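Fold and contact review
In case you want the letters, here they are:
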Amino acid sequence: MFQYPNAASGLKKIFTSQILAIAGAVMMILPLINIIGLIIALAAVVLDFIGVLEASKDDDGYRKALSYTIAQFIASLILFFLPEGNVVYLLVDLADSVFGLMVLYHICHTTSRLLRLRHANDIAAQGDRVWDINIKCLIITAVCTFICIIPFINIIAIPALLVTAIVNIYACILYIIFIYNSYRRLETPFFIDY
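Residues numbered from 1 in each chain as written. Predicted model: local features only at pLDDT ≥ 70, side-chain atom pairs only at ≥ 80, totals over all residues. Heavy atoms only, no water.

**Regarding the packing of aromatic side chains**
As a reminder of what qualifies: When the centres of two rings from Phe, Tyr and Trp lie within 6.5 Å, Trp using its six-membered ring, the rings pair. Their planes under 30 degrees apart give stacked, over 60 give edge-to-face, and anything left gives tilted. The way it works is that DSSP assigns letters per residue, a run of H or I at least four long becomes a helix, a run of E at least two long becomes a strand, and they are numbered from the N terminus. Each residue gets one of three labels from its accessible area relative to the maximum for its type: buried under 20%, exposed over 50%, partly exposed in between, using a 1.4 Å probe on protein chains only.
Here the structure, examined in full by the defined rule, presents six aromatic pairs. Considering the side-chain rings of Phe 15 and Tyr 180, the 5.2 Å spacing of their centres and the 50 degrees angle between planes classify their relative orientation as tilted. Of this pair, Phe 15 sits in helix H1 (residues 5–29) while Tyr 180 sits in helix H6 (residues 154–186), placing them 165 residues apart in sequence. Judged by its relative accessible area of 17%, Phe 15 is buried. On the accessibility criterion, Tyr 180 (30% relative accessible area) is partly exposed. A ring pair is formed by Phe 15 and Tyr 183, whose centres lie 5.9 Å apart and whose planes are at 45 degrees; its orientation type is tilted.

Right, here's the structure in full:
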(Lines give C-alpha, C1' and ligand atoms only; values in the text may rest on other atoms or scores of the structure.)
Protein backbone atom coordinates (compact mmCIF):
# COMPACT_ATOMS: atom_id res chain seq x y z
CA MET A 1 0.00 0.00 0.00
CA PHE A 2 1.48 3.36 -1.11
CA GLN A 3 -0.07 6.11 1.01
CA TYR A 4 1.32 9.63 1.11
CA PRO A 5 -1.12 11.66 3.23
CA ASN A 6 1.41 14.36 4.12
CA ALA A 7 2.55 14.75 0.52
CA ALA A 8 -1.06 15.02 -0.66
CA SER A 9 -1.94 17.57 2.01
CA GLY A 10 1.28 19.51 1.42
CA LEU A 11 0.71 19.61 -2.34
CA LYS A 12 -2.83 20.84 -1.71
CA LYS A 13 -1.38 23.73 0.30
CA ILE A 14 1.18 24.41 -2.44
CA PHE A 15 -1.64 24.47 -5.01
CA THR A 16 -3.64 26.90 -2.86
CA SER A 17 -0.56 29.08 -2.39
CA GLN A 18 -0.08 29.29 -6.17
CA ILE A 19 -3.67 30.47 -6.63
CA LEU A 20 -3.26 33.00 -3.80
CA ALA A 21 0.02 34.25 -5.31
CA ILE A 22 -1.69 34.93 -8.63
CA ALA A 23 -4.62 36.69 -6.92
CA GLY A 24 -2.22 38.72 -4.79
CA ALA A 25 -0.12 39.74 -7.79
CA VAL A 26 -3.18 40.91 -9.70
CA MET A 27 -4.50 42.83 -6.69
CA MET A 28 -1.13 44.54 -6.14
CA ILE A 29 -1.45 46.14 -9.58
CA LEU A 30 -4.84 47.66 -8.78
CA PRO A 31 -4.99 50.91 -6.80
CA LEU A 32 -6.78 50.97 -3.45
CA ILE A 33 -6.56 47.21 -2.95
CA ASN A 34 -2.83 46.78 -3.55
CA ILE A 35 -2.12 46.45 0.19
CA ILE A 36 -4.62 43.57 0.34
CA GLY A 37 -2.80 42.02 -2.60
CA LEU A 38 0.49 42.31 -0.75
CA ILE A 39 -1.00 40.59 2.32
CA ILE A 40 -2.42 37.81 0.14
CA ALA A 41 0.95 37.38 -1.62
CA LEU A 42 2.73 37.11 1.75
CA ALA A 43 0.13 34.58 2.92
CA ALA A 44 0.85 32.60 -0.25
CA VAL A 45 4.57 32.47 0.59
CA VAL A 46 3.81 31.23 4.11
CA LEU A 47 1.30 28.65 2.87
CA ASP A 48 3.77 27.40 0.25
CA PHE A 49 6.41 26.93 2.96
CA ILE A 50 3.91 25.07 5.17
CA GLY A 51 2.97 22.87 2.21
CA VAL A 52 6.57 21.93 1.45
CA LEU A 53 7.20 21.37 5.17
CA GLU A 54 4.22 19.05 5.42
CA ALA A 55 5.12 17.11 2.26
CA SER A 56 8.68 16.69 3.59
CA LYS A 57 7.31 14.26 6.20
CA ASP A 58 6.63 11.68 3.46
CA ASP A 59 9.73 11.74 1.25
CA ASP A 60 13.36 12.83 1.18
CA GLY A 61 12.87 14.66 -2.13
CA TYR A 62 10.44 17.03 -0.44
CA ARG A 63 12.96 17.50 2.39
CA LYS A 64 15.47 18.66 -0.20
CA ALA A 65 12.84 21.02 -1.62
CA LEU A 66 12.32 22.36 1.90
CA SER A 67 16.05 23.08 2.26
CA TYR A 68 16.06 24.98 -1.02
CA THR A 69 12.87 26.82 -0.02
CA ILE A 70 14.60 28.07 3.13
CA ALA A 71 17.70 29.05 1.13
CA GLN A 72 15.55 30.90 -1.40
CA PHE A 73 13.74 32.75 1.39
CA ILE A 74 17.06 33.87 2.87
CA ALA A 75 18.31 34.98 -0.56
CA SER A 76 15.08 36.92 -1.12
CA LEU A 77 15.49 38.68 2.23
CA ILE A 78 19.06 39.63 1.34
CA LEU A 79 17.86 40.97 -2.03
CA PHE A 80 15.31 43.14 -0.28
CA PHE A 81 18.09 45.02 1.53
CA LEU A 82 20.65 45.21 -1.31
CA PRO A 83 20.72 48.06 -3.81
CA GLU A 84 20.00 46.87 -7.35
CA GLY A 85 22.60 46.96 -10.07
CA ASN A 86 25.76 45.89 -8.27
CA VAL A 87 27.61 42.59 -8.60
CA VAL A 88 26.56 41.29 -5.18
CA TYR A 89 22.91 41.91 -6.01
CA LEU A 90 23.25 40.04 -9.32
CA LEU A 91 24.95 37.07 -7.62
CA VAL A 92 22.34 36.84 -4.87
CA ASP A 93 19.58 37.21 -7.47
CA LEU A 94 21.13 34.37 -9.47
CA ALA A 95 21.32 32.22 -6.32
CA ASP A 96 17.68 33.04 -5.56
CA SER A 97 16.68 31.87 -9.06
CA VAL A 98 18.74 28.68 -8.78
CA PHE A 99 17.21 27.88 -5.38
CA GLY A 100 13.73 28.40 -6.82
CA LEU A 101 14.56 26.13 -9.74
CA MET A 102 15.84 23.44 -7.36
CA VAL A 103 12.60 23.65 -5.35
CA LEU A 104 10.67 23.15 -8.58
CA TYR A 105 12.93 20.25 -9.60
CA HIS A 106 12.53 18.39 -6.31
CA ILE A 107 8.79 18.95 -6.09
CA CYS A 108 8.18 17.87 -9.70
CA HIS A 109 10.51 14.87 -9.66
CA THR A 110 9.53 13.63 -6.21
CA THR A 111 5.84 13.96 -6.95
CA SER A 112 6.26 12.26 -10.33
CA ARG A 113 8.13 9.39 -8.69
CA LEU A 114 5.41 8.91 -6.07
CA LEU A 115 2.75 9.04 -8.76
CA ARG A 116 4.54 6.37 -10.80
CA LEU A 117 4.53 4.12 -7.74
CA ARG A 118 0.75 4.52 -7.79
CA HIS A 119 0.60 3.83 -11.55
CA ALA A 120 -0.44 7.41 -12.34
CA ASN A 121 2.04 7.76 -15.19
CA ASP A 122 -0.11 10.27 -17.06
CA ILE A 123 0.05 12.78 -14.20
CA ALA A 124 3.73 11.98 -13.56
CA ALA A 125 4.47 12.89 -17.18
CA GLN A 126 2.94 16.33 -16.53
CA GLY A 127 5.56 16.93 -13.83
CA ASP A 128 8.34 15.91 -16.19
CA ARG A 129 6.98 18.31 -18.81
CA VAL A 130 6.80 21.18 -16.30
CA TRP A 131 10.44 20.65 -15.38
CA ASP A 132 11.58 20.35 -19.02
CA ILE A 133 9.84 23.57 -20.04
CA ASN A 134 11.20 25.50 -17.05
CA ILE A 135 14.81 24.39 -17.51
CA LYS A 136 14.70 25.21 -21.24
CA CYS A 137 13.24 28.65 -20.49
CA LEU A 138 15.99 29.28 -17.95
CA ILE A 139 18.70 28.38 -20.46
CA ILE A 140 17.16 30.58 -23.17
CA THR A 141 16.75 33.46 -20.73
CA ALA A 142 20.37 33.14 -19.56
CA VAL A 143 21.67 33.13 -23.15
CA CYS A 144 19.46 36.07 -24.12
CA THR A 145 20.49 38.04 -21.04
CA PHE A 146 24.11 37.57 -22.06
CA ILE A 147 23.33 38.52 -25.68
CA CYS A 148 21.61 41.72 -24.46
CA ILE A 149 25.02 42.98 -23.34
CA ILE A 150 26.48 42.74 -26.87
CA PRO A 151 25.73 45.80 -29.05
CA PHE A 152 23.79 45.26 -32.31
CA ILE A 153 23.20 41.55 -31.60
CA ASN A 154 21.11 42.43 -28.55
CA ILE A 155 18.14 43.24 -30.80
CA ILE A 156 17.55 39.53 -31.54
CA ALA A 157 17.40 38.73 -27.83
CA ILE A 158 14.34 40.88 -27.15
CA PRO A 159 11.83 38.81 -29.18
CA ALA A 160 13.29 35.62 -27.73
CA LEU A 161 12.86 36.99 -24.19
CA LEU A 162 9.25 37.93 -24.93
CA VAL A 163 8.48 34.43 -26.25
CA THR A 164 10.23 32.90 -23.25
CA ALA A 165 8.14 35.04 -20.89
CA ILE A 166 4.95 33.76 -22.54
CA VAL A 167 6.20 30.17 -22.35
CA ASN A 168 7.01 30.73 -18.65
CA ILE A 169 3.39 31.74 -18.04
CA TYR A 170 2.31 28.55 -19.80
CA ALA A 171 4.74 26.56 -17.61
CA CYS A 172 3.26 28.16 -14.47
CA ILE A 173 -0.22 27.12 -15.55
CA LEU A 174 1.01 23.57 -16.24
CA TYR A 175 2.65 23.50 -12.80
CA ILE A 176 -0.58 24.51 -11.08
CA ILE A 177 -2.52 21.86 -13.02
CA PHE A 178 0.15 19.26 -12.19
CA ILE A 179 0.06 20.08 -8.47
CA TYR A 180 -3.74 19.96 -8.47
CA ASN A 181 -3.90 16.60 -10.25
CA SER A 182 -1.11 15.23 -8.06
CA TYR A 183 -2.62 16.05 -4.70
CA ARG A 184 -5.98 14.71 -5.85
CA ARG A 185 -4.41 11.41 -6.93
CA LEU A 186 -2.20 11.07 -3.87
CA GLU A 187 -5.03 11.68 -1.42
CA THR A 188 -7.11 8.80 -2.82
CA PRO A 189 -6.46 5.33 -1.31
CA PHE A 190 -4.36 2.97 -3.41
CA PHE A 191 -4.00 -0.75 -2.82
CA ILE A 192 -1.94 -3.38 -4.60
CA ASP A 193 -3.42 -6.86 -4.97
CA TYR A 194 -0.98 -9.68 -4.31
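**Focus: a nonpolar patch on the surface**
For the record, the criterion: To count toward a patch, a residue needs a relative accessible area above 30% and no salt bridge. Like charges then connect within 9 Å, nonpolar side chains (Val, Leu, Ile, Met, Phe, Trp, Tyr) within 5 Å. What sets the accessible areas is the Shrake-Rupley method with a 1.4 Å probe; for residues, cover comes only from the shown protein chains. Within this document, salt bridges are pairs made up of a side-chain nitrogen of Lys or Arg and a carboxyl oxygen of Asp or Glu, the two lying within 4 Å of each other.
Where nonpolar side chains cluster on the molecular surface, the patch consists of Val 45, Val 46, Phe 49, Ile 50, Leu 53, Ile 70, Phe 73, Ile 74, Leu 77, Ile 78, Phe 80 and Phe 81 and spans about 1100 Å² of accessible area. When contributions to the nonpolar patch are tallied by element, the ones reaching two or more residues are helix H2 (34–55) and helix H3 (60–81). The element best represented in the nonpolar patch is H3, accounting for seven residues. Within the secondary structure layout, Ile 78 lies in helix H3. For Ile 78, a relative accessible area of 39% translates into the label partly exposed.

**Brief notes about the side chain of Ser 112**
The following threshold applies: Two residues form a contact once any of their heavy atoms are found within 4.5 Å.
Looking at the element boundaries, Ser 112 is found in helix H4 (residues 87–117). Here Ser 112 falls in the buried class, since its relative accessible area comes to 1%. Apart from residues lying up to four places away in sequence, Ser 112 is in contact with Ala 124, Gly 127, Asp 128 and Phe 178.

**With respect to unusual backbone geometry**
Non-glycine residue Leu 32 carries a positive phi angle of around 75 degrees. Among the structural elements, Leu 32 can be located in the loop between H1 and H2. For His 119, which is not glycine, the phi torsion reads 60 degrees and is therefore positive. Within the fold, His 119 resides in the loop between H4 and helix H5 (121–147). Overall, the relative accessible area of 57% leaves His 119 in the exposed class.

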